[in-house]
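An overview of the molecular structure
Residues per chain, in single letters:
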Amino acid sequence: MIKNGHHDTKDQSGEAGCSKPGASACSPEKRKRVVRLWCDGCYDMVHYGHSNQLRQAKSMGDYLIVGVHTDAEISRHKGPPVFTQEERYKMVRAIKWVDEIVEGAPYVTTLETLDKYNCDFCVHGDDITLTVDGKDTYAEVKRAGRYRECKRTQGVSTTDLVGRMLLMTKAHHSNMENTDYQQHTDNFGKGATVHSPWTGVSQFLQTSQKIIQFASGKEPQPGDAIIYVAGAFDLFHIGHVDFLEMVYKQAERAYVIVGLHFDQEVNRYKGKNYPIMNIHERTLSVLACRYVSEVVIGAPYAVGKDLLDHFKVDLVCHGKTEVFPDKDGVDPYAEPRRRGIFRTIDSGNSLTTDDIVQRIIANRLQYEARNQKKEAKEMEVFEAMKRREHQEREAQQDEAVAH
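Summarised in this report is the structure supplied together with it. For clarity, every value in this text was computed on a predicted model and none was experimentally measured.

Attention shifts here to the side chain of Asp234. For Asp234, the location among the structural elements is in the loop between β6 (225–231) and α9 (238–248). At 4.7 Å, Arg282 is the nearest oppositely charged side chain to Asp234, a buried residue that forms no salt bridge. In this structure the side chain of Asp234 is engaged in a polar contact, spanning 2.9 Å, whose partner is the backbone nitrogen of Met277. Residues contacting Asp234, with those up to four places away along its chain left out, are His240, Tyr274, Pro275, Ile276, Met277, Arg282 and Thr353.

Here it is, written out as structure tokens:
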């Protein structure tokens with residue numbers, strides 16, 4: 001596996017920071033045992049919320065193993081996934097905080113699984129995952145004290161993203177209060193009878209802290225090849241990952257800079273309701289990729305002299321997708337072509353954001369039914385939890401009165 005150049009994994013021999021486990025030169029601090037972590041999930045339509053969960057999990061230990069469920073397991077417990085298991089395996093591998101993935105991980109997390117992969121504990125978000133019969137998939141590891149929790153990322157969910165794709169207006173990335181948008185998400189995943197606290201739709205608020213958490217913070221080093229690519233990178237998907245991996249392989253020591261266009265610019269050349277994700281969301285999605293070193297937020301559409309000179313760009317790459325002319329009709333890659341540093345990359349993957357939207361539209365009713373079923377199960381558990389809390393409070397009050 002290619003290690004992220006700016007998030008190198010510690011030596012995994014069982015000793016943190018000691019290249020020779022038996023070496024007496026290692027200090028007691030460096031002989032500290034490596035903490036191995038386990039995360040698992042469907043990771044269907046991977047977004048920055050998934051990446052943030054894995055980032056938080058990695059911060060709790062040293063070595064992160066991620067189990068990804070098969071299509072058959074997901075279909076049995078939730079309904080059919082949008083992406084195939086092979087696509088989902090590759091997407092998770094590309095997240096820079098992931099050290100190893102386990103293909104076909106069981107849907108219910110057991111102590112046997114944690115022990116099999118020598119994991120100290122598993123980490124999950126503060127929502128709930130249920131089996132087909134409504135049971136908590138983490139019940140066993142919770143009882144054993146081998147469960148840790150991280151915060152769910154507000155403002156994004158797979159349900160929310162699917163809702164945006166089905167809504168043919170560009171209002172979703174500029175006005176979340178839009179009545180049509182709210183009504184559609186209500187119909188899709190938040191009907192009048194179910195209001196799950198774990199599948200809500202709320203405004204994502206970008207902060208400088210969040211960008212710092214996702215960014216590598218590393219400058220290019222002498223000998224690095226500076227490679228620049230630009231685009232929308234909307235609904236960051238496996239087509240983008242395959243392209244960026246090929247770009248990364250263009251040099252022995254590649255420092256890949258991704259220029260992201262502002263929402264208005266993307267809408268100019270893509271039209272319809274694009275971008276599905278706003279500039280802040282797209283920034284985090286791209287920063288989470290192990291092949292990316294830096295992101296330019298709101299990059300100019302034309303890759304001109306100033307940009308190339310500022311970043312000391314050695315190579316400019318573009319995929320096989322159509323290059324739309326700039327507002328004045330000029331080729332946006334005219335300058336890199338003139339300098340002889342432009343290269344077209346064939347990643348072997350023709351998947352586009354449009355293709356994903358078509359997958360969703362084609363299976364709309366199926367996905368609506370899946371999400372409504374999921375929310376109904378979550379609500380049953382949520383109500384049961386509230387009843388249990390109420391009973392416990394009453395018992396405590398009775399006990400206090402008795403004394």
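Look at helix α3 (residues 85–93) against α9: their axes get within 10 Å of each other, and the N-to-C directions meet at 50 degrees. As the angle between them shows, α3 and α9 are arranged oblique. Helix-helix and strand crossings are classified by hand; for α3 and α9 the assignment is left-handed. Counting all contacts with α3, which are made through Glu87, Lys90 and Met91, the residues of α9 involved are Ile238, Val241 and Asp242. Residue composition of the contact of α3 with α9, grouped by class: 3 nonpolar, no polar and 3 charged.

That bond from Tyr274 to Pro275 is cis: its omega, 0 degrees, falls within 30 degrees of zero. Within the element layout of this structure, Pro275 appears in the loop between α10 (263–270) and α11 (279–287). Not every positive phi belongs to a glycine, and Leu235 is a case in point at roughly 50 degrees. Mapped onto the fold, Leu235 is located in the loop between β6 and α9. Backbone geometry places Lys312, a non-glycine residue, at a positive phi of 50 degrees. For Lys312, the position within the fold is in the loop between α12 (305–310) and β9 (315–318). Under the relative-accessibility criterion, Lys312 is labelled exposed at 63%.

On to the sheet that holds strand β5 (residues 147–150). An order of β3-β2-β1-β4-β5 is seen for the 5 strands of this open sheet, with the pairing classed as parallel. Among the strands making up the open sheet, the edge pair consists of β3 (100–103) and β5. The mean inter-strand angle of the sheet, taken between neighbouring strand axes irrespective of direction, is 30 degrees. Along the sheet, α3 contacts β2 (63–68) and β3; its crossing angle with β3, the most-contacted strand, is approximately 165 degrees.

Criteria and thresholds
- Residues numbered from 1 in each chain as written.
- Predicted model: local features only at pLDDT ≥ 70, side-chain atom pairs only at ≥ 80, totals over all residues.
- Heavy atoms only, no water.
- Helix = DSSP H or I, 4+ residues; strand = E, 2+ residues; numbered from the N terminus.
- Buried < 20%, exposed > 50% of the residue type's maximum accessible area, 1.4 Å probe, protein only.
- Lys, Arg positive; Asp, Glu negative; His and termini not counted.
- Salt bridge = Lys/Arg side-chain N within 4 Å of Asp/Glu carboxyl O.
- Polar contact = N/O pair within 3.5 Å; in protein donor to acceptor, adjacent residues only side chain to side chain.
- Contact = heavy atoms within 4.5 Å.
- Axes fitted to C-alpha atoms, helices over the stretch in contact; angles between N-to-C directions.
- Parallel < 35°, antiparallel > 145°, perpendicular 65-115°, else oblique.
- Left-handed = near helix turned anticlockwise from the far one by under 90°.
- Nonpolar A, V, L, I, M, F, W, Y, C, P; charged D, E, K, R; others polar.
- Pairing = 2+ DSSP bridges.

The values reported here are purely geometric and, on their own, carry no functional implication.
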